[in-house]
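# Secondary and tertiary structure notes
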Amino acid sequence: MTYFFETYGCQMNVAESAAAQETLRQRGWTAASSAETADLAVINTCSVRATAESRIYGRLGWYAGLKAVRSRKPAAKPSSYPQAARRAQSGAPPLTLVVMGCMAERLLSSLQSDFPLIDHTLGTWRKDRIGEIAAALETPVCHTVTAQAADTERVYQFPAVSHTGGVSAFVPIMHGCDNFCTYCIVPQVRGREVSRPPGAILAELDVLARRGVREITVLGQNVNSYRHGGLTFPGLLEKIAAHLRQSGSSIGWVRFLTSHPKDFSPALVDTLCREPLLCRHIHLPVQHGSTKILTAMNRRYSREDYLGIAARIRGSLPDASLSTDILVGFPGETDGDFQETLDLVRQARFSEAYMYYYNPRAGTPAASMPEQVPLEVKKARLQMVIDLQMGILREEMAKHIGAEVTVLAEEVSQNRKNKMESPAIRGKTAQNQRVIFPGSESVVNNFVKIHLTGLTGNTFRGKVNER
Ligand code: SAM
Ligand code: SF4
Ligand code: F3S
C-alpha cells in the first residue's frame, strides 16, 4: 500500500505529516511518487491566511478530477491524469483522500459535506486516526472507520517520532497557544498550550540519533512558554544539551521555533551563551513596529521592549542571527504607524523576515475591527517592507564573505545552474544561512568547515577549508 502527502503551513504541520508517515511506514506502507498512483493521499492544511485556504480549495478541484479517473467515472478526463488512468486500468482500488490539519479542524463538519470527494477529515486532536484509516484500507472487510465526531475531549497527542529521513528533524515540545493575538486563528484551531513531558522528548532524541540525525529543531507555537512541572524552556534546553552530550549523540545542533518576545527571558539568553550545542539563530517575530498597533494586536510588548530584547541578544551573542515575522496592514494602521515598522526593520537588521499583509480571519477580534486597510494599500506597504528588508539582507550577507563557518552539509544539489565542479553540496550555517560549495558526496550529513567566498542571490558560495 502506498501514500502521498501534501503539506502546507508551518513546521508543526511538517512534523505532524512526518509522524503520520511514520505510522504508515510502521504498517509496511511506502511512499508513492505521486498522488496519481497512491492508495491514500493526505492534504495537511493551514488556515492562517485566506490565501493558504484558497490554495487548498484549488487542490481539492484537482483531486476531484483525479478521483474521477481512479474510480473510472464516465465524466473522468484520463488524459489529464495519465498515471492515474494507467493505475485504474490495472484494476487498482480508488484513491482515498484525507484532509488533515488546521483547516480540517476549522471546518470539521462542513468540509466533508461541501466536498464529498473527501473520505476522512482529521482535526488537530485526532491525527492518530490515520492508523485506523490505514487498517480499513488494508483489510476493508474487517475494518470500518468511524466518522470523526466533534472533539469533546481535546487532548493533544504528541507523536512519538516526527521524522521522514534526512539529516534534520523537527521535535514538537509544546502545542497550542494561549496568547490570542487579535488577528490569529491558531488558538482556535490548535487549542490551549500543553507541554510535552521531558522524558518523551529525550526518548525521541535517542531514536533520531540512532537514525543519524545531526540537527533538531524543537517546535512549539510559542516554544519559549514551555513549562512542565517546574521545568521551564531554558531548563529544558539545558537538559536536552546535557543528554545529547552524555549519550554521545549524533545530534550536534539544536534550534528552536517559534519564540514569543514577551517570554524571551534573560535566562534564555544566558542559556544560549553557555551552551554551544544551541544554534546562534533566534526567530523572534516582531509583527509590527508601532506600540499602538502591537497593543491592538494583543502582543503584550512594546516597540521598545522588542528592541531591548534584540539589543540584549546582540550584546550577549554577537554572532547570532535574528529573524522575524512582519504583518502589515493591520486594522487602524496609518502611514505613520507603517513608517515605524520600516524604521524598526532598519534598526533591527534581521537576517531573514517572513512578511505578510493582514488577512481577516472569521471569528478573530481583528476581523470586525473598524478601519480595515484597503487591499491595495496593504499590498503596496508589503512591497515597501520587502524591498527594504531585501536591501538590508544583501548588506548583512556581504559582511560575512571571507569568514570561516561551520556548515551542516545537507544534500547534493540537483541544480545544474550552479556551474561548479560537480557535485555541488548544499548546506546551512548555525545562523540558518544557506551555503553551496563544491565537495565530495561523502561530506553529506557532516559538519564541514567552509570558507565563504561569495554570494549568489541569498545563498553563500564557499569552499571547503583544507587547513
Ligand atoms: N506563534 C508565532 C508568533 O507569535 O509569532 C506565529 C505563528 S503564526 C502561525 C505565523 C505568522 O503568520 C505570524 O507570525 C503572523 O505574521 C502571520 N499571521 C498570523 N495571522 C495572520 C493573518 N490573519 N494574516 C496574515 N498573516 C498572519
Ligand atoms: Fe498566533 Fe499570536 Fe499565538 Fe503566535 S502567539 S500563534 S501569532 S495567537
Ligand atoms: Fe497554519 Fe495551523 Fe501552522 S493554521 S501556520 S498550519 S498552526
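Residues numbered from 1 in each chain as written. Chains lettered and ligands numbered in written order. Predicted model: local features only at pLDDT ≥ 70, side-chain atom pairs only at ≥ 80, totals over all residues.

### Re the overall build of the chain
Quick reminder of the rule: Secondary structure is summarised from DSSP: a helix means a run of H or I of at least four residues, a strand means a run of E of at least two, and numbering begins at the N terminus for each. Radius of gyration here uses only the C-alpha atoms, and the compact-globule reference equals 2.2 Å multiplied by the residue count raised to the power 0.38. It is the C-beta atoms, placed from the backbone, that decide contacts: two residues are in contact if theirs lie within 7 Å.
On a plain count of helices and strands, the chain comes out with 14 helices and 20 strands. Since a compact globule built from 467 residues should have a radius of gyration of about 23 Å, the 23 Å found for the chain is in line with a globular shape. With respect to the three principal axes, the spread of C-alpha positions in the chain is 65 × 60 × 50 Å. Contacts in the chain between residues far apart in sequence, at least 24 positions, make up 71% of those at least 6 positions apart.

### A closer look at the sheet that holds strand β3 (residues 40-45)
In plain terms, the rule: By this definition, two strands are paired if DSSP reports at least two bridges between them. Axes here mean lines fitted to C-alpha atoms, for a helix over just the part in contact, with angles spanning 0 to 180 degrees between N-to-C directions.
A sheet is described by the order of its strands in space; here five strands give the open sequence β2-β1-β3-β4-β5, paired in parallel fashion. Since the sheet does not close on itself, it has two edges, and those belong to β2 (30-31) and β5 (120-122), each with one partner. Where strand β1 (residues 2-7) lies against β3, five bridges are found, and the strand directions are parallel. Bridge pairing in β3 places Phe5 opposite Val42. With respect to the sheet, helix α1 (residues 11-26) is in contact with β1, β3 and β4 (96-101), its orientation differing from that of β1 by roughly 175°. With respect to the sheet, helix α2 (residues 50-70) is in contact with β1, β3 and β4, its orientation differing from that of β3 by roughly 170°.

### Some words on the site of ligand 2
Applicable threshold: The criterion for a residue being near a molecule or strand is simple: its C-beta atom, placed using the backbone, must lie within 6 Å of it. Three classes are used: nonpolar for Ala, Val, Leu, Ile, Met, Phe, Trp, Tyr, Cys and Pro, charged for Asp, Glu, Lys and Arg, and polar for all others, with Gly counted as polar.
In the vicinity of ligand 2, the contacting residues are Cys177, Asn179, Phe180, Cys181, Cys184, Val186, Pro187, Gln221, Asn222 and His260. Taken together, the residues of the shell around ligand 2 sort by class into six nonpolar, four polar and no charged.

### With respect to the site of ligand 3
For the record, the criterion: Here the limits of each domain have been adopted from an automatic or database domain assignment.
Around ligand 3 sit 13 residues, and of these Gly9, Cys10, Cys46, Val48 and Cys102 come closest. Breaking the shell around ligand 3 down by element, the ones donating at least two residues are α1 and α7 (186-190). For the shell around ligand 3, the element with the most residues is α7, which contributes three residues. Residues belonging to the shell around ligand 3 are distributed by class as follows: eight nonpolar, four polar and one charged. Two domains each donate at least three residues to the shell around ligand 3, and these are domain 1 (2-138) and domain 2 (168-398).

### A look at α2
To keep it simple, the criterion reads: Expected span, for any helix, means 1.5 Å times one less than how many residues it has. Each residue is classed by its C-beta neighbour count within 10 Å, where at least 20 other C-beta atoms makes it buried, 12 or fewer makes it exposed, and intermediate counts make it partly exposed; the C-beta atoms are placed from backbone geometry.
In a regular helix each residue adds 1.5 Å, so 21 residues correspond to 30 Å; α2 covers 30 Å between its end C-alpha atoms and thus fits that length. Of all the positions in α2, only Glu53, Ile56, Tyr63, Leu66, Lys67, Ala68, Val69 and Arg70 are classed as buried. Lining the buried residues of α2 we find β3, α3 (82-89), β4 and α4 (102-106). Positive backbone phi, approximately 55°, marks Arg72, located one or two places after α2.

### Notes on the packing of α2 against α3
Threshold: The scheme is simple: roughly parallel for angles under 35 degrees, roughly antiparallel for over 145, roughly perpendicular for 65 to 115, oblique for anything else. Two helices that cross are described as forming a left-handed crossing if the nearer one is turned anticlockwise from the farther one by less than a right angle, and a right-handed crossing if clockwise.
Contact pair α2 / α3: the axes reach a minimum separation of 8 Å and the direction vectors enclose 30°. Put simply, α2 runs roughly parallel to α3. Here the hand of the crossing between α2 and α3 comes out right-handed. On α3, the residues that touch Leu66, Val69 and Arg70 of α2 are Ala84, Ala85, Arg87 and Ala88. For the contact of α2 with α3, the per-class residue count stands at five nonpolar, no polar and two charged.

### Describing the sheet that holds strand β18 (residues 434-438)
Two modes of strand pairing occur in sheets, parallel and antiparallel, and in both the strands are linked by backbone hydrogen bonds. One closed barrel accounts for five strands, arranged β16-β17-β18-β20-β19; its pairing is mixed. Each strand of the sheet is rotated relative to its neighbour by a mean of 50°, with strand direction disregarded. Two strands pair when backbone bridges link them, and strand β17 (residues 424-429) and β18 are joined in this way by five bridges, in the antiparallel orientation. Within β18, the residue paired with Ile425 across the bridge is Phe437.

### Concerning the domain arrangement of the chain
On domain assignment, one finds that the chain holds domain 1 (2-138), domain 2 (168-398) and domain 3 (404-464). Computed from C-alpha coordinates alone, the two centres of domain 1 and domain 3 are separated by 35 Å.

### Examining the nonpolar core
Threshold: What makes a nonpolar core is a set of buried Ala, Val, Leu, Ile, Met, Phe, Trp, Tyr and Cys residues, with links drawn between C-beta atoms within 7 Å.
Among the nonpolar cores identified, the biggest contains 112 residues, and Val42 and Ile173 are the most heavily contacted of them. Looking at which element gives the most residues to this core, the answer is α1, with six residues.

### Observations concerning the pairing of strand β14 (residues 321-328)
The side chains of a regular strand alternate between both faces of the sheet. Operational definition: The handedness rule is simple: strands pointing away from the viewer, and a clockwise path from the first strand over the helix to the second, make the crossover right-handed.
Among the eight residues that make up β14, six are buried, leaving the element largely enclosed by the rest of the structure. Across three bridges, the pairing between strand β13 (residues 281-283) and β14 is parallel. Within the sheet, the bridge partner assigned to His283 lies in β14 and is Ser323. Bridge analysis of β14 against strand β15 (residues 352-357) gives six bridges, and the strand direction is parallel. Across the sheet, the residue bridging to Leu327 is Tyr356, located in β15. Assessed by its sense of winding, the connection that carries the chain from β14 through helix α13 (residues 335-348) to β15 is right-handed.

### Some remarks on the environment of Gly427
Within the secondary structure, Gly427 is located in strand β17. A residue is classified by how many C-beta atoms lie within 10 Å of it, and Gly427, with 27 of them, is buried. The residues contacting Gly427, other than those within four sequence positions of it, are Val407, Leu408, Ala409, Glu410 and Val435.

### Some remarks on the packing of helix α10 (residues 266-274) against helix α12 (residues 303-316)
Viewed as axis vectors pointing N to C, α10 and α12 meet at an angle of 20°, and their least axial separation amounts to 10 Å. Classed by the angle they form, the pair α10 and α12 counts as roughly parallel. Seen along the crossing, α10 lies across α12 with a hand that is right-handed. Side by side, α10 and α12 meet where Pro266, Val269 and Cys273 of the first sit next to Arg312, Ile313 and Ser316 of the second. Grouping the amino acids of the contact of α10 with α12 by side-chain chemistry returns four nonpolar, one polar and one charged.

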